[in-house]
Protein chains: 2
Amino acid sequence: MAYELYYWPTIQGRGEFVRLTLEETGADYVDVARKPGGMAAMMRLMEHAEHPPFAPPFLKDGETLIGQTAAILLYLGARHGLAPKDPAGGLWTHQIQLTISDFVAEAHDTHHPLSVNLYYEDQKPEALRRATDFREERIPKFLSWFERILSRNPGGDAHLVGRGLTYADLSLFQVVEGLTYAFPKAMRRVLEETPRVAALHHAVSLRARIEAYLKSPRRIPFNEEGIFRHYPELDG
Amino acid sequence: MAYELYYWPTIQGRGEFVRLTLEETGADYVDVARKPGGMAAMMRLMEHAEHPPFAPPFLKDGETLIGQTAAILLYLGARHGLAPKDPAGGLWTHQIQLTISDFVAEAHDTHHPLSVNLYYEDQKPEALRRATDFREERIPKFLSWFERILSRNPGGDAHLVGRGLTYADLSLFQVVEGLTYAFPKAMRRVLEETPRVAALHHAVSLRARIEAYLKSPRRIPFNEEGIFRHYPELDG
């Protein structure tokens, strides 16, 4: 039976981390909210499921319903060989993913530092201050951490964990992709200092299934409704 | 061998979720950074470990080093019977914990909406706006979600998952405890609407090991250096 992914239909957002992993596995999946009636189905599940997800994305696999991006990837990674089989390696991959989740939340808050219930235009001066801190302190801190992990991986610096691809690699690709869209000037500087991160991002983009996906209509273009938004005034 | 917990020695913070679980298990553990030389040991591990944690807390169990609060609890929960043994139940418990992590991050940002690198005093007008949104929109939304989960639990509404205590119950206790310290007026209102959450909080506080821990010097009092800070101007 095909996986059912539930996520907002017009943005990459957090759902994109799941989409990339599903695409790389080659598994059948339906991006439910992008189909007719799908949004209503998504809302029904959030309201009425015995295990209601707090927010999209969530994944339905038969009777199993899983929310929280990192939990979904933990589940998919184990089933499709996108994480080490040994418990310590699996937990380390998950720990990296959780740190990526923290990074993504901070990226989101650059344009919404005060409230998700206000428009960007209503919190623009605050966004300018938060984005400056994010660009100058947080992006370098996070990307240096990934660079260090790559450089210390006994399996080689082409992957975050072990010798093969994991969902954490796919997620790091997506973060670099999103941040490069949102903060092109800042990212050009930081990626020069983190060459292994830049190389991993490039290598993932050339994987056959990922390359095909990125060129397909299934890949929603970045836009100013999602997590990674290009507001030129926030870059620098 | 005793577990080694590494966390900032003067605050409850995210480390407290791990401390509560360790206390409930009755396992031997050392709160390393509160011992002489412990801070230096913590910094050394963050700098030099093959799997460097991005930030405290992290847990050392022999050769295994685990960062990220939710990943630590996933590990401890499985080893000490504080999560269901079946995979679906374990993942659901973890999903709840990840949502608690999101809630905690939002609680932190009420006093640091612009940057962790600035003092509260340097972002106070912004904190007032963010805290208002957090009190009026976010606290009710999160606590209603927990209330709904309790009410739908086939094992009964005394626990979030199944018939027995899980680490998610301990974490929900801690969030309610922290928010009640930080936002006593707002929490009084919301807890009246979420009686199952209030009852779970009370029941956890009366568990023998938790009650003994809360009265011990091992429990660091809340203060204005941690995640949950009582700034009366942010409550209402």
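Conventions adopted
- Residues numbered from 1 in each chain as written.
- Chains lettered and ligands numbered in written order.
- Predicted model: local features only at pLDDT ≥ 70, side-chain atom pairs only at ≥ 80, totals over all residues.
- Heavy atoms only, no water.
- Helix = DSSP H or I, 4+ residues; strand = E, 2+ residues; numbered from the N terminus.
- Rg over C-alpha atoms; globule rule 2.2 N^0.38 Å.
- Buried < 20%, exposed > 50% of the residue type's maximum accessible area, 1.4 Å probe, protein only.
- Contact = heavy atoms within 4.5 Å.
- Areas by Shrake-Rupley, 256 points an atom, 1.4 Å probe, with all protein chains shown as cover.
- UniProt positions renumbered as here; feature names shortened; annotations may be inferred.
- Least-squares fit on C-alpha atoms with pLDDT ≥ 70 in both.
- Pairing = 2+ DSSP bridges.
- Axes fitted to C-alpha atoms, helices over the stretch in contact; angles between N-to-C directions.
- Core = buried A, V, L, I, M, F, W, Y, C linked by side-chain atoms within 4.5 Å.
- Buried area = accessible area lost by both parts, 1.4 Å probe.
- Salt bridge = Lys/Arg side-chain N within 4 Å of Asp/Glu carboxyl O.
- Phe/Tyr/Trp six-rings, centres within 6.5 Å; stacked < 30°, edge-to-face > 60°.
- Lys NZ or Arg CZ within 6 Å of the ring centre and 35° of its normal.

By the naming in an unreviewed UniProt entry, chain A goes by Glutathione S-transferase and is assigned to Microvirga flocculans.

Quick look at the overall build of chain A now. Assigned secondary structure in chain A consists of 9 helices and 4 strands. For 236 residues, the compact-globule estimate of 2.2 N^0.38 gives 18 Å, and the C-alpha radius of gyration of chain A, at 18 Å, lies within 12% of that figure. Projected onto its principal axes, the C-alpha positions of chain A cover 50 × 45 × 30 Å. Of all 236 residues assigned to chain A, the portion counted as buried reaches 58%. Intrachain contacts of chain A at a sequence separation of at least 6 include 70% that bridge at least 24 residues. Surface summary for chain A: the accessible area is close to 9,700 Å², and the carbon and sulfur share equals 53%.

Under the present numbering, the feature "domain: GST C-terminal" (unreviewed entry) in UniProt falls on residues 93–234 of chain A. Taken end to end, residues 93–234 of chain A has its terminal C-alpha atoms 31 Å apart, with 64% of it in helix and 0% in strand.

With an RMSD of 0.0 Å, the fit of chain B onto chain A corresponds to turning through 180° and sliding 0.0 Å along the axis. The superposition of one copy onto the other is thereby described by a two-fold rotation axis. Scanning chain B for the C-alpha nearest the rotation axis identifies P113(B), at a separation of 2.9 Å. In this assembly the copies share their binding face: 100% of the residues contributing to the interface of chain B also contribute to that of chain A.

All names here are of chain A. Pairing within the open sheet is mixed, and its 4 strands lie in the order β2-β1-β3-β4. Looking at the sheet topology across the chains shown, the edges are occupied by β2 (29–31) and β4 (64–67). Pairs of neighbouring strands in the sheet enclose a mean axial angle of 20°, with direction left out of account. As judged from the 3 bridges shared by strand β1 (residues 3–6) and β2, these two strands associate in the parallel manner. Within β2, the position partnered with L5 by the bridge is D31.

Before going further, it helps to spend a moment on the nonpolar core. Formed by 130 residues in total, the largest nonpolar core has its most connected members in F146(A) and F146(B). Residues in contact with F146(B), not counting those within four places in the same chain, are I96(B), I100(B), F103(B), L160(B), L172(B) and V197(B).

Taken together, the contact between chain B and chain A spans 46 residues of the former and 46 residues of the latter. Both faces combined, the contact of chain B with chain A buries some 4,100 Å², and carbon together with sulfur accounts for 56% of it. When residues of chain B are sorted by the area they lose upon contact with chain A, F54(B), L114(B) and R152(B) head the list and together hold 18% of the total. Residue D109(B) pairs with R130(A) through a salt bridge whose shortest N-O separation is 3.5 Å. Those elements giving two or more residues to the side of chain B that touches chain A turn out to be α2 (38–48), β4 (64–67), α3 (69–79), α4 (87–109) and α5 (124–152) of chain B. Broken down by element, the side of chain B that touches chain A gets its largest block of residues, 12 residues, from α5(B).

Moving on, we come to the packing of aromatic side chains. Tallied over the entire structure, the rule returns 24 aromatic pairs over all chains. Taken together, a centroid distance of 6.4 Å and an interplanar angle of 70° make the contact between W92(B) and W145(B) edge-to-face. Placement of the pair is W92(B) in helix α4 and W145(B) in helix α5, with a sequence separation of 53 residues. Taken together, a centroid distance of 5.3 Å and an interplanar angle of 65° make the contact between W145(B) and F146(B) edge-to-face. Each member of the pair, W145(B) together with F146(B), is buried. An aromatic cluster of three or more residues is present, and its members are F54(A), W92(B), F103(B), F134(B), F142(B), W145(B), F146(B) and F183(B). Positioned above the aromatic ring of F54(B) is the side chain of K141(A), whose terminal nitrogen or guanidinium carbon lies 5.3 Å from the ring centre.

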